[in-house]
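Spelled out, the chains give:
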Amino acid sequence: MHDNDDRTQHPGPENPEPSDGGHSRRDVLRTAGVAGAGLGIAAFGSPTAQAAQADTSSGAVAAAPERQGATMAGVPFERRSTVRVGIIGLGNRGGSMIDLFLAMPGVLIVALCDPVKDKTERAAAKVTAAGQPAPATYTKGDHDFENLCKRGDLDFVYAATPWDWHFEMAKTAMLNGKHVGVECPIALQLDQLWELVDLSERTRRHCMQLENCCYGRNEMRVLRMAHAGKFGQLLHGAGAYNHDLRGLMFDPDYYEGPWRRLWHTRLRGDLYPNHGFGPVANYMDINRGDRVTHISSFGTPSLGLAEYRAANMPKDDPSWKETYVESDRTISLVQTAKGRVIRLEHDVSTPHPYSRINQLGGTKGVFEDYPARIYLEPDQTNDAWGDFARYADWDHWLWKEHADPPGGHGGMDYIMVYRLMQTMRLGLVPDFDVYDAATWTSPVPLSHLSIKANGAPQQIPDFTRGEWRRKRGGVDSEKPAE
């Protein structure tokens, strides 16, 4: 399987952009054909999704689907001395993340899956080189991951594959009794998000969006400062995925097929909200005292990919059969129950320096990233930005304990995996859960619907079914006793 996503920094020797190698072009095209090249509003309007949507013409809010099991909010993992892991997808993302799992205390990689056999063999060699027993390998086609999930000696399944597969893999893992972590986005339709919520509650297995940006050093510092009241009463925030991916999306080897680019022929909204949304949601205790209620989205014309193709691709390239509808830039405004506003942006089709924006403002000041700068009263005066480095004492304990972590993206990948495996070993509540996964991904279908309706507000379902009113822990954790 491919890895799924473009992570958080510019590609380069020290920080290579993850490719999505590992799935055959034949399989990618087959998946694209199944998904269809022209999904419209109907694709996001299943009965379950409709039950969770507002009647925007009347302002009425429909009730959430009836809960099928107890809440997963605040539910700890089972304590275990060793976490047994299976990995699905061994391209650049999965193939690099395996190094971090191998670096963790009390973690054993038991099984690996990718239909490209040589990728699986290279990953298995890493496992044995680290002194662990040879893992079982699953290379027999698209659905061999189902056999991995059936194993009785796995505690956790990690999926780093194309977006089209995330829902099925998360669902299969939980139905086979495994906790599961999935790369972004966790699913692409509202009914799929609700099904993952219901399955997590029914199976008592955690289903998590592995959002590494929540563990960035700046994000965790701002999180602690916000919770300590340094920004006063929180008012607004912003997050984005603005990253010029034109060259990579037309590279026939980088994604090993057109699957990423083909999503630009299907949807008009924010295809990748999680990196920007997750950290700001944490700052505002979304699902832990506040919740997001509505989203209004607007999109520009879709011109960037077509212009890039005209300038760079030969006339016989298969991409000339594609018609792009994805807005070059989407801008969404999200309202919370407490009246706060979150701005989300997505732009991967035009020239732009990399930015996740990462902004937070309150009654005492504001932080903005790219570059990092801060203005807090009474620390700063004369309308001049302050030096964010002065606030290093506010670093999260994970960054104080692991000041120079290995791995890509400035160490946030390592911090995320370390903390996840720690919570599993010690039997702690995970830092985020299926409700966060569904919430952070919901702008994918909802922004599309809003843009199609000329910016009409769309209700964001309360995936917690009322649990959001209860204050509870999250990424701003206390260091546990080992």
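Residues numbered from 1 in each chain as written. Predicted model: local features only at pLDDT ≥ 70, side-chain atom pairs only at ≥ 80, totals over all residues. Heavy atoms only, no water.

As annotated in an unreviewed UniProt entry, the chain carries the name Gfo/Idh/MocA family oxidoreductase and comes from Streptomyces citrinus.

The subject of this paragraph is the pairing of strand β14 (residues 365–368). Burial along β14 is two-sided: Gly365 and Phe367 and Val366 and Glu368, pointing in opposite directions, are all buried. Strand direction decides the pairing type here: strand β13 (residues 359–362) and β14, joined by three bridges, are antiparallel. Bridge pairing in β14 places glycine 362 opposite glycine 365. Connecting the antiparallel pair β13 and β14 is a turn made up of two residues. Examined bridge by bridge, β14 and strand β15 (residues 373–376) share four bridges and lie antiparallel to one another. Looking at β15, one finds that valine 366 is bridged to tyrosine 375. Hairpin remark: β14 followed by β15, antiparallel, with four residues in the connecting loop; positive phi at tyrosine 370, about 65 degrees. (Buried < 20%, exposed > 50% of the residue type's maximum accessible area, 1.4 Å probe, protein only. Helix = DSSP H or I, 4+ residues; strand = E, 2+ residues; numbered from the N terminus. Pairing = 2+ DSSP bridges.)

Below, the discussion takes up the sheet that holds strand β9 (residues 234–242). The sheet built from eight strands is open, its strands ordered β15-β14-β13-β9-β12-β11-β10-β16 with mixed pairing. Sheet topology places β15 and β16 (458–459) at the edges, where each strand pairs with a single neighbour. This element, helix α11 (residues 274–283), spans β9, β10 (292–299), β12 (341–347) and β13 of the sheet and lies at about 160 degrees to β9. (Contact = heavy atoms within 4.5 Å. Axes fitted to C-alpha atoms, helices over the stretch in contact; angles between N-to-C directions.)

Moving on, we get to the nonpolar core. Soluble, globular proteins show a tendency: their nonpolar side chains are buried together. Phe101, Phe156, Phe231 and Met421 are the most contacted members of the largest nonpolar core, which totals 100 residues. Top contributing element to this core by residue count: helix α14 (residues 412–426), with eight residues. Counting residues in each nonpolar core, the second largest holds 21 residues, with Trp163, Tyr241, Met249 and Tyr324 among its members. (Core = buried A, V, L, I, M, F, W, Y, C linked by side-chain atoms within 4.5 Å.)

Take the pattern of salt bridges next. For the structure shown, the criterion picks out 30 salt bridges. Put simply, arginine 465 and aspartate 198 hold a salt bridge, and the shortest N to O gap is 2.7 Å. Taken together, the residues span a long stretch of sequence, with arginine 465 in the segment after β16 and aspartate 198 in helix α7 (residues 190–203) at a distance of 267 residues. An identical accessibility class is assigned to arginine 465 and aspartate 198; each is buried. A single network of salt bridges, built from pairs that share partners, joins Glu78, Arg80, Arg84, Asp155 and Arg205. (Salt bridge = Lys/Arg side-chain N within 4 Å of Asp/Glu carboxyl O.)

Moving on: the packing of aromatic side chains. A complete count under the given rule lists 17 aromatic pairs for this structure. Ring centres of tyrosine 215 and phenylalanine 432 lie 5.9 Å apart, and the angle between their planes is 65 degrees; this geometry places the pair in the edge-to-face category. Taken as a pair, tyrosine 215 in the loop between β8 (207–209) and α8 (217–227) and phenylalanine 432 in the loop between α14 and α15 (434–441) lie far apart in primary sequence, 217 residues in all. Taken as a pair, tyrosine 215 and phenylalanine 432 share a single burial class, namely buried. Between tyrosine 414 and tyrosine 418, the aromatic rings sit 6.2 Å apart at their centres with planes inclined by 20 degrees, giving stacked as the arrangement. Of the two residues, tyrosine 414 and tyrosine 418 both sit in helix α14, four residues apart, roughly one turn of that helix. A single burial state applies to tyrosine 414 and to tyrosine 418, both of which are buried. (Phe/Tyr/Trp six-rings, centres within 6.5 Å; stacked < 30°, edge-to-face > 60°.)

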